[in-house]
Amino acid sequence: MTAPPLEKSRRQLWLAALKPPMYSVAVVPIWVGTAIARWETGEVDWGTFTQFLTAAIAIVAWSNISNDVFDSETGIDRNKHHSLVNLTANKSLVFWIGNGCLLIGLGLILRIAYDQQDITVLALIGAACLLGYLYQGPPFRLGYQGLGEILCFFAYGPITLSAVYYSQTQSWSGVNLLASILLGWVTSLILYCSHFHQVEDDRKAGKRSPIVRLGTARGAQLLPGICGILFGLLLLFVLMGQFPVWTLLMGGSLPYAVKLCRFIGAHHHQPQLVQNCKFIAVALHFWSGLLLGLGFMLAAQPWESFGLA
Ligand SMILES: C/C(=C\COP(=O)(O)OP(=O)(O)O)CCC[C@H](C)CCC[C@H](C)CCCC(C)C
Ligand SMILES: O=C(O)C1=CC(=O)c2ccccc2C1=O
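Note on numbering: residues in each chain are counted from 1, in written sequence order. Whichever chain is written first is A, and whichever ligand is written first is 1; the rest continue in order. Residue-level local features of this predicted model are given only where pLDDT is at least 70; pairs of side-chain atoms are given and counted only at 80 or more, and the full residue set underlies all totals for whole chains, interfaces and linings. Hydrogen atoms and water are omitted, and side-chain values are computed over all heavy atoms in the structure.

Caption draft 1: Structural view of the overall build of the protein. Strands are runs of DSSP state E lasting at least 2 residues, helices are runs of H or I lasting at least 4, and numbering of each runs from the N terminus. When helices and strands are tallied, the protein shows 15 helices and zero strands. The globule rule used for comparison is 2.2 Å times the number of residues to the exponent 0.38, while the radius of gyration itself is calculated over C-alpha atoms. What you see for the protein is a C-alpha radius of gyration of 20 Å, in line with the 19 Å of a compact globule of 309 residues. By principal-axis analysis of the C-alpha atoms, the protein measures approximately 60 × 50 × 45 Å. Throughout, a residue-residue contact means that at least one pair of heavy atoms, one from each residue, lies within 4.5 Å. Restricting to contacts in the protein with at least 6 residues of sequence separation, those with at least 24 account for 72%. Per-residue and other accessible areas follow the Shrake-Rupley method at a 1.4 Å probe size, with only the shown protein chains counted as cover for residues. Carbon and sulfur atoms provide 66% of the accessible area of the protein, an area that totals close to 14,500 Å².

Caption draft 2: Region of interest: the packing of helix 6 (residues 120-136) against helix 7 (residues 148-169). Where helix 6 contacts helix 7, the axes come no closer than 9 Å and their chain directions differ by 165°. Looking at the two axes, helix 6 sits roughly antiparallel to helix 7. For the element pair helix 6 and helix 7, the recorded crossing hand is left-handed. Where helix 6 abuts helix 7, its residues Thr 120, Val 121, Leu 124, Ile 125, Ala 128, Leu 131, Leu 134 and Tyr 135 lie against Gly 148, Leu 151, Phe 154, Ala 155, Ile 159, Thr 160, Ser 162, Ala 163, Tyr 166 and Ser 167. Looking at side-chain class alone, the contact of helix 6 with helix 7 contains 13 nonpolar, five polar and no charged residues. Fitted lines through C-alpha atoms give the axes, limited to the stretch in contact for helices. The angle between two N-to-C directions lies from 0 to 180 degrees. Roughly parallel refers to an angle under 35 degrees, roughly antiparallel to one over 145, roughly perpendicular to one between 65 and 115, and oblique to any angle outside these ranges. A clockwise turn of the near helix away from the far one marks a right-handed crossing, whereas an anticlockwise turn of less than a right angle marks a left-handed crossing. For this classification, the nonpolar set comprises Ala, Val, Leu, Ile, Met, Phe, Trp, Tyr, Cys and Pro, the charged set comprises Asp, Glu, Lys and Arg, and every other residue, Gly included, is treated as polar.

Caption draft 3: Layout of empty space enclosed by the protein. Here a cavity denotes grid points, spaced 1 Å and computed from the protein atoms alone, that fit a 1.4 Å probe unable to get out, and a pocket denotes an open set having protein on both sides within 12 Å along at least 5 of 7 lines; residues with an atom within 4 Å of a point are the lining. Grid points are joined across faces, edges and corners, and a volume is the space filled by probe spheres set on the points. Within the structure shown, the criterion is met by one cavity of 30 Å³ or more. The computed volume of the largest cavity comes to approximately 30 Å³. Taken together, Asn 67, Asp 71, Tyr 135, Gln 136, Gly 143, Tyr 144 and Lys 207 form the lining of the largest cavity. Of all the elements in the fold, those that place two or more residues in the lining of the largest cavity are helix 3 (46-72) and helix 6. Among the residues forming the lining of the largest cavity, the class breakdown is two nonpolar, three polar and two charged.

Caption draft 4: Representation of the environment of Thr 48. Relative to the helices and strands, Thr 48 resides in helix 3. Along the sequence, Thr 48 and Thr 34 sit 14 residues apart, while their C-alpha atoms lie 9.7 Å from each other. For Thr 48, the contacting residues outside a window of four places in its chain are Ile 112, Gln 116, Ser 167 and Gln 168.

Caption draft 5: Up close: the site of ligand 1. Any residue with a heavy atom positioned within 4 Å of a molecule or strand is treated as near that molecule or strand. Around ligand 1, a shell composed of 23 residues is seen, among which Asn 67, Lys 80, Tyr 135, Gln 198 and Lys 207 lie nearest. Pairing of N or O atoms within 3.5 Å defines a polar contact, subject to two protein rules: one partner must be a possible hydrogen donor and the other a possible acceptor, and residues neighboring in sequence count only if both atoms are side-chain atoms. One of the side-chain N or O atoms of Asn 67 is found 2.9 Å from an oxygen atom in ligand 1. Between an oxygen atom of ligand 1 and a side-chain N or O atom of Lys 80, the distance comes to 3.0 Å. Relative to its unbound accessible surface of 770 Å², ligand 1 loses 94% to contact with the protein. Secondary structure elements with two or more residues in the shell around ligand 1: helix 3, helix 6 and helix 7. For the shell around ligand 1, a count of residues per class yields eleven nonpolar, eight polar and four charged.

Caption draft 6: Up close: the layout of surface pockets. The calculated volume of the second largest pocket comes to roughly 160 Å³. Along its surface, the second largest pocket is lined by Glu 149, Ile 150, Phe 153, Trp 185, Ser 188, Leu 189, Tyr 192, Pro 210 and Ile 226. Among the secondary structure elements, those contributing two or more residues to the lining of the second largest pocket are helix 7 and helix 8 (174-193). With four residues, the top contributor of residues to the lining of the second largest pocket is helix 8. Taken together, the residues that form the lining of the second largest pocket break down as seven nonpolar, one polar and one charged.

Caption draft 7: Highlighting the site of ligand 2. Around ligand 2, the structure places Lys 19, Met 22, Val 25, Asn 64, Cys 152, Tyr 156, Thr 187, Ile 190, Leu 191, Ser 194 and Lys 278. A distance of 2.9 Å is found between an oxygen atom of ligand 2 and a side-chain nitrogen or oxygen belonging to Asn 64. Contacts to ligand 2 include Lys 278, whose side-chain N or O atom sits 2.9 Å from an oxygen atom. For ligand 2, whose unbound accessible area comes to 340 Å², protein coverage reaches 89%. Looking at the shell around ligand 2, the element that brings in the most residues is helix 8, giving three residues. Taken together, the residues that form the shell around ligand 2 break down as six nonpolar, three polar and two charged.

By themselves, these observations are geometric and do not establish any function.
So, in structure tokens, the structure goes:
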């Protein structure tokens, strides 16, 4: 039996509000940081890995849920039918569910810190959450000034990846820091792409996103350069001898970069068409991160003695 159209479209709205593919931004840093720790130390603490992964998912849920709450206060989401606040018509319930997710996430991070008798991981993830709040919460709302991509770079790149690596090794790594540049860059690319379709609503609400500032045409023209930097840095880090050759596997995600540049290049001025383009960027994030981590995992295998690593 098929669902009545109204019910089906409501289900689609809920799916759009919850954005399951977006949780790539929680999973990938935990995978990459852990893979680098394994490459460098030969060991993985899977208990810490699982706790960190669960915490990251809960914290990203908080970031998205509270984004709908804070955006409902500025009027920017007036036309966003898939806002959780518009769907439930209960802002305070949504707000407290979001806070509950944050509590669960930080609680799990606190447990890691307690088990290791070291506050470093908690301090780093606390700082990442603070950047998340500065992005969208009152009175700061730095995303409205067009600073979201910079905050996103540091939160999902150097800060989170350092915390993941530290949770595994209780030390720091230059290679991990280099990898965090790639990860922060590709995560910010998702945010950048998410602005193309909402440029008019953003402009009306006074949000000066990079796409509002540049215009959609110029914004689209920059994409091949942004993607080129991602893969260029990978090549550079391998040539410098910092990354094992296996990490070139990340090049397997190149088709998503090409698809992203071509699609936005052709449709940047058509909001209906580009409204889901951020999910091409999410696919690029997921596959590039998965393959990068796999490269480190494979380089740590016994066959490195055959000269393949
Ligand atoms: C919520 C975010 C973007 C939504 O932006 P926008 O308002 O334009 O979108 P809508 O159209 O959907 O309303 C992302 C915000 C990213 C922020 C700068 C940094 C967040 C940091 C995280 C909370 C840290 C997570 C750490 C975890 C992985 C351990
Ligand atoms: O809803 C969105 O557009 C985004 C949600 C989100 O959690 C995120 C995280 C990191 C980079 C970009 C984004 C989004 O664009």
